[in-house]
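# Summary of the model geometry
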Amino acid sequence: MPQSVNSLVRDIYQQEGYVYARSPEEIAAIYGFSRVARLASNENPFGPSPLAVAAVQKALATVHRYPDAGGSGSLVQALRDYHGDYEFVAGVGMDGVIETCIRVLVNPGEAVAVSVPTFSFYGLAAKAQGAEVISIPRRDDFTVDVDAFIKAAKKAKIAFLCSPNNPTGTLTSRADIERIAEALDGILFLDNAYVEFSEMDYCDLMQKHENLIIGRTMSKVFGLAGCRIGYAFVPSWLKPVYEKAATPFTVNTLSLAAATGALSDLEYVERYIRHVRSWIQKFRDTCRLPVLPGGANFVMINTAPMTGDECAALLAEKGVIVRSCRSFPGLADHYIRVCVGDDWECEQFLSGINQIC
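Attention here is on the structure that accompanies the text. Since this is a predicted model, take the numbers as computed values, not measurements.

Definitions and limits used
Residues numbered from 1 in each chain as written. Predicted model: local features only at pLDDT ≥ 70, side-chain atom pairs only at ≥ 80, totals over all residues. Heavy atoms only, no water. Helix = DSSP H or I, 4+ residues; strand = E, 2+ residues; numbered from the N terminus. Buried < 20%, exposed > 50% of the residue type's maximum accessible area, 1.4 Å probe, protein only. Contact = heavy atoms within 4.5 Å. Areas by Shrake-Rupley, 256 points an atom, 1.4 Å probe, with all protein chains shown as cover. Lys, Arg positive; Asp, Glu negative; His and termini not counted. Charge placed at Lys NZ, Arg CZ, Asp CG, Glu CD. Core = buried A, V, L, I, M, F, W, Y, C linked by side-chain atoms within 4.5 Å. Pairing = 2+ DSSP bridges. Right-handed = clockwise from strand over helix to strand, strands pointing away. Polar contact = N/O pair within 3.5 Å; in protein donor to acceptor, adjacent residues only side chain to side chain. Axes fitted to C-alpha atoms, helices over the stretch in contact; angles between N-to-C directions. Phe/Tyr/Trp six-rings, centres within 6.5 Å; stacked < 30°, edge-to-face > 60°. Disulfide = S-S within 2.5 Å. Parallel < 35°, antiparallel > 145°, perpendicular 65-115°, else oblique. Left-handed = near helix turned anticlockwise from the far one by under 90°. Nonpolar A, V, L, I, M, F, W, Y, C, P; charged D, E, K, R; others polar. Patch = residues over 30% accessible without salt bridge, like charges linked within 9 Å, V, L, I, M, F, W, Y side chains within 5 Å. Salt bridge = Lys/Arg side-chain N within 4 Å of Asp/Glu carboxyl O.

Before going further, it helps to examine the overall build of the protein chain. Helices and strands together make up the secondary structure of the protein chain, namely 12 helices and 12 strands. Principal axes of the C-alpha set define a box for the protein chain whose edges measure 55 × 55 × 50 Å. Of all 357 residues assigned to the protein chain, the portion counted as buried reaches 52%. In the protein chain, 74% of the contacts between residues at least 6 apart in sequence involve partners at least 24 apart. Of the roughly 15,900 Å² that the protein chain leaves accessible, carbon and sulfur atoms contribute 51%. Averaging the coordinates of the 33 positive side-chain charges in the protein chain and doing the same for the 40 negative ones gives two points 2 Å apart.

Below, the structure written as structure tokens:
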């Protein structure tokens, strides 16, 4: 064996990786709570649709067989029934879709552009592929400076832009997305994980742009975070090479069944969206700290003069878990991200935040 096993590990994985929120079990044990408000991970608090649960129960009898290869078949048909006649690919969460797209497109040393501050996984996945990551700052109000983005990302193999953006909630207009897609030499990956909570829709842009990928997830509005299933609208030329690069049988049988069932329950989705929008407005009306505008199932809150870490620690003492935004690339350390939970969780958060500020 070498002198140090660390010498076997690539440099990138000897640095800090993805940052997770503290667990509710940890907070409950430390502070003596019987239940803790989980508002850090942008989850749907109500569980999946009964139709998703029924589909999983039925699929249990088939788990001795490999799942549908590539996530095609019934899931793709359900996605087409839900969204229209587009080409789709699936992965283990949108993270898996992002990793596979980078694997298909990016050679070591090539550029990947990322609009920051944003979800850290784009940069982590790109670096894991050996890419050079170009971080493109947003404006002070967290909107995208389109001209600056195009200039910096023009030659990148793939550029990542999130709308609504995580963690700021900021939306980018359809017109701006079109301008960017038309100007880039490479691919624009538009992350729409939270788009159902906004009034924006970008899907039909796929019919105009052969260099556009739109990523979506079953984790948020559909309540399937634990199933880890994401999907993307892709141009027709990309689908066969994506499936060639993907890990074989990457999405498991139960997740495929859950997603297919969830996509058939529009009433469940609409009910949860109404709940989110109602509480977002209450957060804006009631919270004593500045709540930034946005279009997701969470809000970002300016905690200055406290840091995000300090505010998150004080809220943990009150049985509320929120996400400090310190670890998001390109963002100052005085923000927290708070998602909409169940009614009691939101009430506990508002009570706690208004006591400490």
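Once the structure has been displayed, the description carries forward.
So, about the nonpolar core. With 107 residues, the main nonpolar core has Leu188 and Phe349 as its most contacted residues. For this core, the element with the highest residue contribution is helix H10 (residues 266-286), accounting for 8 residues. Excluding residues within four positions of it along the chain, Phe349 makes contact with Leu39, Phe283, Ile301, Leu315, Val320, Val322 and Val338. Listed in part, the 7 residues of the second largest apolar core include Phe142, Met300, Leu331 and Tyr335.

Spatial ordering of the open sheet is given by E9-E12-E11, a layout of 3 strands whose pairing is antiparallel. Whereas interior strands pair on both sides, the edge strands pair on one side only; in this sheet they are strand E9 (298-302) and strand E11 (323-324). By the bridge criterion, 5 bridges tie E9 to strand E12 (residues 335-339) in an arrangement that is antiparallel. Bridge pairing in E12 links Ile301 to Ile336.

Examined against the element boundaries, Ser163 turns out to sit in the loop between strand E5 (158-162) and helix H7 (174-183). Those residues in contact with Ser163 that lie beyond four places of it in its chain are Thr170, Leu171, Thr172, Leu190, Asp191, Asn192, Val195 and Tyr202.

For a regular strand, the rule is simple: side chains alternate between the two faces of the sheet. Relative to strand E4 (residues 132-137), strand E3 (residues 111-116) is paired through 6 bridges, and the arrangement is parallel. Counterpart to Ala113 in the pairing with E4 is Ile134. Regarding topology, helix H5 (residues 121-128) serves as the crossover connection from E3 to the parallel E4, and that connection is right-handed.

What follows covers the side chain of Asn211. With respect to the helices and strands, the residue Asn211 is situated in the loop between strand E6 (187-191) and strand E7 (212-217). Only 2.8 Å separates the side chain of Asn211 from the backbone oxygen of Ala181, close enough to count as a polar contact. Sequence-distant contacts of Asn211, that is, excluding residues within four places in its chain, are made with Ala181, Leu184, Gly186, Ile187 and Leu188.

In this section: the sheet that holds E6. What holds strands together in a sheet is hydrogen bonding between their backbones, with the strands either parallel or antiparallel. The strand order E2-E8-E7-E6-E5-E3-E4 describes an open sheet built from 7 strands, whose pairing is mixed. The sheet is open, and its two edges are formed by strand E2 (88-91) and E4, each paired on a single side. The mean inter-strand angle of the sheet, taken between neighbouring strand axes irrespective of direction, is 25°. Two elements, E5 and E6, share 5 bridges in a ladder whose sense is parallel.

As a further point, take the packing of aromatic side chains. To describe a pair of aromatic rings, you give the distance between the ring centres and the angle between the ring planes. Per the counting criterion, the structure on display carries 17 aromatic pairs. Centre to centre, the rings of Tyr86 and Phe88 are 6.4 Å apart; their planes meet at 75°, and the pair counts as edge-to-face. The burial state of Tyr86 is the same as that of Phe88; both residues are buried. Look at Phe119 and Phe121: their rings are 6.1 Å apart centre to centre, the planes differ by 35°, and that puts the pair in the tilted class.

Turning next to the state of the cysteines. All chains considered together, the criterion is met by 0 disulfides. Among the cysteines around Cys311, which has no disulfide bond, Cys357 carries the closest sulfur, lying 7.5 Å off. This cysteine, Cys357, is not joined by any disulfide, and Cys287 carries the nearest cysteine sulfur, 5.9 Å off. For Cys357, a relative accessible area of 36% corresponds to the partly exposed category.

A word on the packing of helix H11 (residues 308-316) against helix H12 (residues 343-356). Relative to each other, H11 and H12 sit at 120°, their axes nearing to 10 Å. Taken together, H11 and H12 sit at an angle that is classed as oblique. Remark: the crossing between H11 and H12 carries right-handed chirality. In contact with Cys311, Leu314 and Leu315 of H11, H12 contributes Phe349, Gly352, Ile353 and Ile356. Looking at the contact of H11 with H12, its residues break down into 6 nonpolar, 1 polar and no charged.

On to a nonpolar patch on the surface, then. On the surface, Val5, Leu8, Val9 and Tyr13 cluster together into a nonpolar patch covering about 400 Å² of accessible area. By the element assignment, Tyr13 lies in the segment before helix H1 (24-31).

Once that is clear, we can look at the pattern of salt bridges. Scanning all chains against the criterion turns up 14 salt bridges. A salt bridge links Glu110 to Lys157; the nearest nitrogen and oxygen atoms lie 2.9 Å apart. One end of the pair, Glu110, is in the loop between helix H4 (93-105) and E3; the other, Lys157, is in the loop between helix H6 (146-153) and E5, and 47 residues separate them in sequence. The exposure class of Glu110 is partly exposed, given its relative accessible area of 25%. Asp185 is the salt-bridge partner of Lys155, the closest N and O atoms lying 2.9 Å from each other.

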